[in-house]
Amino acid sequence: MLPAERYEEYYKALLEKNTEYEGLFYVGVKTTGVFCRPTCPARKPKLENCEFFANPQQALLASYRPCQRCRPLSHPNHVPEIVRVLVEAVESNPEKRWTTQDFKNLSVDESTARRQFKKRFGMTFVEYARARRMGLALKNIRSGKTVIDSQLSTGYESSSGFRDAFSRIMGAAPTLLEDGKVLKAAWIDTRLGPMMAIGNDEALYLLEFIDRRGLEREVERLRKRTKSAIIPGVTEPILSIERELSEYFDGERTTFDTPLALLGSPFQQSVWGELMKIPPGETRSYLDISLALGKPTTFRAVAQANGANQLAIVIPCHRVINANGELGGYGGGLTRKNWLLHHEQGGE
């Protein structure tokens, strides 16, 4: 992503649809999951719902899809005709594996296509086509097709070539999906906005507000640490936390019983354990937590461990405030933190 200190500048350009910024950044909209050009005519999101990227590839890797209005990958007014033709050709047959003859049939020079696609979007045409095929392969595997069926349907004659390509695009070999090395991710609507829950059949690994800054990096770290693929779906722990969150927001529950997977250092886990001891409706300072641990000089490390918590609400880091009584920070935003504390104190 582009540096956060430039966000206000880019956001101003987005509001003004400033053509001088065309090609300098792309904006990902957290609430819709799409990414756009600076000149997109669509209704403008709030700044807190925006992420800015240097090129479309960064936006794609952060799980955003191209906007259908400004078409950041294929807008005819902003990209060479050869690029527009190729992108439209892929979308008309995304499972196609391209050959030299296919380029000739379109009267397109293969090397020119590679060069112009790379210059404009930061990825080659082959990389784009491969990503689309891999996305379809993952969808097929999720729907119950075997790996070999998905391999053949996406045009790979070599199983090793398919596995290598799948691993590069999806982050896990396709066989891992059949061997159980999978975490599933689900969208949960709550009173304070949508949350993402990730878990397997045994435990919940992550629960965060969708608009939390850096969420995609958290998901990537989780994927690497667990050496798992993360795909859409639900598990019993996800269904459990969805039920319990509903009860929590309705004022019917103050603690959670969903099994948790705590991936952290021994010190981090000790901090999270203390957080779960804070009674609902009460708060503690970072110093209070460090004193409870018998380590009074570690309050800064306590604050860092607090911020590393990936299970919002369930591990109640929102109950930790500054020693002077101010709210301090919160990954989900101070407005949410204030609401949660007020809710637990018998308010809304």
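Residues numbered from 1 in each chain as written. Predicted model: local features only at pLDDT ≥ 70, side-chain atom pairs only at ≥ 80, totals over all residues. Heavy atoms only, no water.

Novice: Tell me about the overall build of the protein chain, and please be specific about residues and values.
Specialist: If you tally the helices and strands in the protein chain, you get 15 helices and 10 strands. The 348 residues of the protein chain split such that 47% are buried. Across the protein chain, every contact between residues at least 6 apart in sequence was considered, and the portion connecting residues at least 24 apart equals 60%. In the form shown here, the protein chain has an accessible surface area of approximately 17,500 Å², with 49% of it arising from carbon and sulfur atoms. (Helix = DSSP H or I, 4+ residues; strand = E, 2+ residues; numbered from the N terminus. Buried < 20%, exposed > 50% of the residue type's maximum accessible area, 1.4 Å probe, protein only. Contact = heavy atoms within 4.5 Å. Areas by Shrake-Rupley, 256 points an atom, 1.4 Å probe, with all protein chains shown as cover.)

Novice: Outline the pattern of salt bridges, supporting the account with residue identities and numerical values.
Specialist: Applying the stated criterion to the full structure yields 9 salt bridges. A salt bridge links glutamate 236 to arginine 243, with the shortest nitrogen-to-oxygen separation between them at 3.1 Å. A relative accessible area of 46% means that glutamate 236 is categorised as partly exposed. Assessed through its relative accessible area of 44%, arginine 243 is described here as partly exposed. Glutamate 247 is paired through a salt bridge with arginine 253; the nearest N and O atoms lie 2.8 Å apart. A relative accessible area of 28% means that glutamate 247 is categorised as partly exposed. (Salt bridge = Lys/Arg side-chain N within 4 Å of Asp/Glu carboxyl O.)

Novice: Describe the sheet that holds strand S2 (residues 34-36), with residues and values.
Specialist: A sheet is described by the order of its strands in space; here 4 strands give the open sequence S3-S1-S2-S4, paired in mixed fashion. Since the sheet does not close on itself, it has two edges, and those belong to strand S3 (50-53) and strand S4 (65-66), each with one partner. Contacting strand S1 (26-29) and S3, helix H1 (residues 7-16) crosses the sheet at an angle of about 100° to S3. (Pairing = 2+ DSSP bridges. Axes fitted to C-alpha atoms, helices over the stretch in contact; angles between N-to-C directions.)

Novice: Please give an account of H1 that cites residues and values.
Specialist: For H1, the complete set of buried residues consists of Tyr7, Tyr10, Tyr11, Ala13 and Leu14. Taken end-on, H1 shows its buried residues confined to a sector of 160°, consistent with a single buried face. The first or second residue beyond H1 is lysine 17, which carries a positive phi of 50°. (Arc of directions from axis to C-beta.)

Novice: Quick one: what's the story with the environment of glycine 23, residue by residue and with numbers?
Specialist: Relative to the elements of secondary structure, glycine 23 occurs in the loop between H1 and S1. For the pair glycine 23 and proline 38, spaced 15 residues apart in sequence, the C-alpha separation works out to 8.0 Å.

Novice: Give me the nonpolar core: which residues, what numbers.
Specialist: Ranked by size, the top nonpolar core spans 32 residues in total, and within it Leu207, Ile241, Leu245, Phe249, Leu275, Ile313 and Leu340 carry the most contacts. Residue assignment for this core shows that the elements contributing at least two residues are strand S5 (182-188), strand S6 (195-199), strand S7 (204-209), helix H11 (236-249), helix H12 (266-275), helix H13 (286-292), helix H14 (299-307) and helix H15 (334-344). Residues Tyr11, Phe25, Ala42 and Cys67 belong to the second largest nonpolar core, which totals 17 residues. (Core = buried A, V, L, I, M, F, W, Y, C linked by side-chain atoms within 4.5 Å.)

Novice: Give a detailed account of H12, specifying residues and quantitative values.
Specialist: Those residues of H12 lying buried are Val271, Trp272, Glu274 and Leu275. For H12, the angular spread of buried residues about the axis comes to 160°, placing them on one side. On its buried face, H12 is in contact with H13, H14 and strand S10 (320-321).

Novice: Outline the pairing of S3, listing residues and values.
Specialist: The two faces of S3 match: Cys50 and Phe52 on one face and Glu51 and Phe53 on the other face are all buried. Here S1 pairs with S3 via 4 bridges, running antiparallel. In the sheet register, tyrosine 26 faces S3, and the bridge partner there is phenylalanine 53.

Novice: Tell me about the packing of aromatic side chains, and please be specific about residues and values.
Specialist: Across all of its chains, the model carries 10 aromatic pairs by this definition. Here tryptophan 98 and phenylalanine 103 contribute two aromatic rings whose centre-to-centre distance is 5.4 Å and whose plane-to-plane angle is 55°, an arrangement assigned as tilted. Taken together, a centroid distance of 5.8 Å and an interplanar angle of 40° make the contact between phenylalanine 249 and tryptophan 339 tilted. With phenylalanine 249 in helix H11 and tryptophan 339 in helix H15, this residue pair connects regions lying 90 residues apart in the sequence. (Phe/Tyr/Trp six-rings, centres within 6.5 Å; stacked < 30°, edge-to-face > 60°.)

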